[in-house]
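One letter stands for each residue in the lines below.
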Amino acid sequence: MAQLASTELPDRDKIQVSDADLVARAAALVPLIREYAEQGTKDRHIAPEVIDAISEAGLFHLMVPTRWGGQGASFKTAVDVTAEIARGDGSTGWVTALMMVATGFASTFSMQAQEDVFGVNPNARICGIFSPGDRSEPVEGGYLMSGRWPYASGSFAAQWASLTITLEDGEQGMALVPAEAFTIEPTWFVAGMQKTGSDTVVVKDHFVPEYRVQRVKDMFASNFRSPFTEERTASMPFNAVAAGILVAPQIGLGRHALELTRAKLPLKPVAYTAYRQAKESPTHQIGVAKAATKLRLAEMLMAGMCSDIDTAAESHQLPNLEVLARIRNDTGVVAELIKEEIDYLLTANGAGSFADVNVLGRVWRDSETAARHALVTPEIGREAYGRQLLGNDDPTIGL
């Protein structure tokens, strides 16, 4: 594919934080996140104290370039930070992941759009929804849009939303819409990921200027409207990032499940057997070993996805279709592996795992819910990858 263009970056003094320090910041928030986890479940959204702490740590702006005060971090760092947050709580990791990506890619819109967002509020947070709304029509200077956008994770804490609209030629575009232009309809009543606040964003007759819109097709091709194409985020394959980041919380959930098991299971009596402690039971030993292996395999696949995406960003060269299809495939496999890991651990821990007060039950519900996102569907990923392996470039599945 063609080499991406570049331009000179503005000279602004920004404090760079190492990748290790960013991950350490996330890890340091785990106790606070867990402290407010139950409250967030009751309120159906993450506690404000947690949102503020993540924001103050700069983690929502991890993928925002340094010229806007962000870190311009690698995809691996974004995944590692998300996994740590999700080790504290799955819903919190999910919102952090999606808001991190949506806010980061706002820096790839036109310069006027970037000024509207970050120039006015350097701490602005953005949620994003891919499904198009009910209606948008071209008018002078932009589009008039109305509709309902469901599954708007983190919308309760966002100052902007990146919403998909249909353009005049039938193609889709991403439009930046300020929070004052939308209301939130409570529709997210679910078994898992309960505090993501993935409710429905409602917009009525809002004018969005053309400069706040990017064509989705161009975003998939890393043909962004920002002139700063040498920046890391602008050099990442957008759809691969949007899919891959969705299973970063799964890694954290898997780690939390294993952590809980190792802390509580070893000394637990094994009912209806002579084993006074589970650590003496071969059945439990084997089950936990299988689970830990599933987690390790998921981590290895995730690391490979990060390497593919970050290599593309560093070389300013988009991956070929086979690599993109492999990333889509591996996204689903990571979710499958974590689901299988948690299943082994639930069996080892017993039926009490499903009690409302048992954190392991919440981990299971969060993992099962998050794994059903359309971009994570394993068989769709396998289809995309298999087509490329067999030389079929049919564009049925967007990569």
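Please read these numbers as outputs of a predicted model, since none were measured by experiment.

Quick notes on the rules
- Per-chain numbering applies: the sequence of each chain, read as written, is numbered from 1 onward.
- Predicted model: local features are reported for residues with pLDDT of at least 70 only, side-chain atom pairs are reported and counted for 80 or more only, and whole-chain, interface and lining totals are derived from all residues.
- Hydrogens are left out, water is left out, and the side-chain values use all remaining heavy atoms of the structure.
- Starting at the N terminus, helices and strands are each numbered in turn, a helix being any DSSP run of H or I of at least four residues and a strand any DSSP run of E of at least two.
- The atom set for the radius of gyration is the C-alpha atoms, and the globule formula is 2.2 Å times the number of residues raised to the power 0.38.
- Partly exposed describes any residue whose relative accessible area lies between the buried limit of under 20% and the exposed limit of over 50%, with all areas from a 1.4 Å probe on protein chains only and scaled to the type maximum.
- The contact criterion used is simple: two residues touch if any of their non-hydrogen atoms lie within 4.5 Å.
- The rule for pairing is simple: two strands pair if DSSP sees at least two bridges between them.
- To get an axis, fit a line to the C-alpha atoms, keeping to the stretch in contact for a helix; angles then go from 0 to 180 degrees between the N-to-C directions.
- To estimate how far a helix should reach, multiply one less than its number of residues by 1.5 Å.
- For the purposes of this section, nonpolar cores are sets of buried Ala, Val, Leu, Ile, Met, Phe, Trp, Tyr and Cys residues that join through side-chain atoms within 4.5 Å.

## Some details on the overall build of the protein
Item 1. A tally of regular secondary structure across the protein gives 14 helices and 8 strands.
Item 2. Radius of gyration (C-alpha) of the protein: 21 Å, near the 21 Å computed for a compact globule of 399 residues.
Item 3. Taking the principal axes of its C-alpha atoms as reference, the protein extends roughly 80 × 50 × 45 Å.
Item 4. Taking all 399 residues of the protein together, the buried fraction comes to 55%.
Item 5. When contacts within the protein are restricted to residue pairs at least 6 apart in sequence, long-range pairs at least 24 apart make up 74% of them.

## Things to note about the sheet that holds strand S1 (residues 126-129)
Item 1. Strand order in the open sheet formed by 4 strands is S1-S4-S5-S8, with mixed pairing between adjacent strands. Strands at the two margins of the open sheet, each flanked by one partner only, are S1 and strand S8 (213-215). Here the strands of the sheet are splayed against their neighbours by 25° on average, with no regard to which way each runs.
Item 2. In the sheet, S1 pairs with strand S4 (residues 160-166) via 4 bridges, with the strands oriented parallel. Across the sheet, the residue bridging to Ile129 is Leu163, located in S4.
Item 3. Where helix H6 (residues 90-105) meets the sheet, it contacts S1 and S8, and its direction lies at approximately 95° from that of S1.

## Describing helix H10 (residues 248-264)
Item 1. For H10, spanning 17 residues, the distance from its first C-alpha to its last is 25 Å, which sits close to the expected 24 Å at 1.5 Å a residue.
Item 2. Every buried residue of H10 is accounted for by Ala248, Pro249, Gln250, Ile251, Gly252, Leu253, Gly254, His256, Ala257, Leu258, Leu260 and Thr261.

## Describing the nonpolar core
Item 1. Leu59, Leu62, Met63, Phe75, Met145, Leu163 and Ile245 are the most contacted members of the largest nonpolar core, which has 121 residues in total.
Item 2. No other element matches the 13 residues that helix H12 (residues 321-349) contributes to this core.

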